[in-house]
Amino acid sequence: QLQLVESGGGLVQAGGSLRLSCAASGRTFSGYARGWFRQAPGKEREFVAAISWTGSSTYYADSVKGRFAISRDNAENTVYLQMNSLKPEDTAVYYCAASQAGSNWYAKGLRYDYWGQGTQVTVSS
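Values in this document were obtained by computation on a predicted structure and should not be read as measured data.

Thresholds, definitions, all that
- Residues numbered from 1 in each chain as written.
- Predicted model: local features only at pLDDT ≥ 70, side-chain atom pairs only at ≥ 80, totals over all residues.
- Heavy atoms only, no water.
- Helix = DSSP H or I, 4+ residues; strand = E, 2+ residues; numbered from the N terminus.
- Buried < 20%, exposed > 50% of the residue type's maximum accessible area, 1.4 Å probe, protein only.
- Contact = heavy atoms within 4.5 Å.
- Areas by Shrake-Rupley, 256 points an atom, 1.4 Å probe, with all protein chains shown as cover.
- Lys, Arg positive; Asp, Glu negative; His and termini not counted.
- Charge placed at Lys NZ, Arg CZ, Asp CG, Glu CD.
- Pairing = 2+ DSSP bridges.
- Axes fitted to C-alpha atoms, helices over the stretch in contact; angles between N-to-C directions.
- Core = buried A, V, L, I, M, F, W, Y, C linked by side-chain atoms within 4.5 Å.
- Phe/Tyr/Trp six-rings, centres within 6.5 Å; stacked < 30°, edge-to-face > 60°.

Visitor: Describe the overall build of the protein chain, naming the residues involved and giving the relevant values.
Guide: Across its full length, the protein chain holds one helix and 11 strands. Along the protein chain, helices (α) and strands (β) appear in the sequence β-β-β-β-β-β-β-β-β-α-β-β when read from the amino end. Each of the three principal axes of the protein chain carries a C-alpha extent, and together these read 40 × 25 × 25 Å. A buried classification covers 44% of the 125 residues belonging to the protein chain. Long-range contacts, defined here as pairs at least 24 residues apart, represent 59% of the contacts in the protein chain between residues at least 6 apart. Just so you have it, the protein chain exposes about 6,300 Å², and 44% of that area is on carbon and sulfur atoms. Positive and negative side-chain charges of the protein chain, numbering 12 and 9 respectively, have mean locations separated by a distance of 4 Å.

Here you go:
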């Protein structure tokens, strides 16, 4: 059974940093792009960042560009989201996902096949 498990969430003050991890198990994600999404209370889930299988291409939502960085370690089957200069509006449940689709889809937050359960990030003002 394929699983994605997020970790690293927590409570941080505005301006602080957190690093989220998403470990995959149950199968290989060879060839899969990986992404991060978030959902704040009362809002729809939104795309945050994505990274290609090789890690050579990354994509970000405008709201996090310059503050967040996505990376991956394929040997560990793990993807990371480094979040700096956090703002209260970054408060949300963060989800990782995996996609077999082309970059014209996954870079826009579309056609993801597998999802994690989410990790809570709370940024206090």
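Having seen the structure, we can now continue with the description.
Visitor: Explain the sheet that holds strand E7 (residues 68-73) residue by residue, including any values.
Guide: The sheet built from four strands is open, its strands ordered E1-E3-E8-E7 with antiparallel pairing. Looking at the sheet topology across the chains shown, the edges are occupied by strand E1 (3-7) and E7. Strand-to-strand twist in this sheet, taken as the mean axis angle between neighbours without regard to direction, amounts to 15°. In this sheet, strand E8 (residues 78-83) lies alongside strand E3 (residues 18-25) in antiparallel orientation, the contact comprising six bridges. Across the sheet, the residue bridging to Ser-21 is Tyr-80, located in E8.

Visitor: An account of the nonpolar core is requested, with residue identities and associated values reported.
Guide: By size, the foremost hydrophobic cluster in this structure holds 28 residues, and its most contacted members are Trp-36, Val-48, Phe-68, Leu-81, Met-83 and Tyr-94. Residue assignment for this core shows that the elements contributing at least two residues are E3, strand E5 (46-51), E7, E8, strand E9 (92-99) and strand E11 (119-124). In terms of nonpolar packing, the next biggest core, distinct from the first, is built from eight residues, Ala-33, Ala-97, Ala-107 and Tyr-112 among them.

Visitor: Can you break down the packing of aromatic side chains residue by residue, with the values?
Guide: According to the stated counting rule, one finds six aromatic pairs in the structure shown. For the ring pair Phe-37 and Tyr-112, a centre distance of 4.9 Å and an interplane angle of 85° mean the geometry is edge-to-face. Linking Phe-37 in strand E4 (residues 33-39) with Tyr-112 in the loop between helix H1 (103-106) and strand E10 (114-115), this pair joins segments that are 75 residues apart in sequence. Judged by its relative accessible area of 3%, Phe-37 is buried. Classification of Tyr-112 by relative accessible area gives buried; the value is 10%.

Visitor: Give a detailed account of the environment of Ser-30, specifying residues and quantitative values.
Guide: Mapping Ser-30 onto the fold places it in the loop between E3 and E4. Along the chain, Ser-30 and Trp-53 lie 23 residues apart, while their C-alpha atoms are 7.3 Å from each other.

Visitor: Give me unusual backbone geometry: which residues, what numbers.
Guide: A positive phi angle, close to 55°, is found at Asn-77, a residue other than glycine. One can find Asn-77 in the loop between E7 and E8. Positive phi is not limited to glycine here, since Ser-85 has a value of about 50°. Mapped onto the fold, Ser-85 is located in the loop between E8 and E9.

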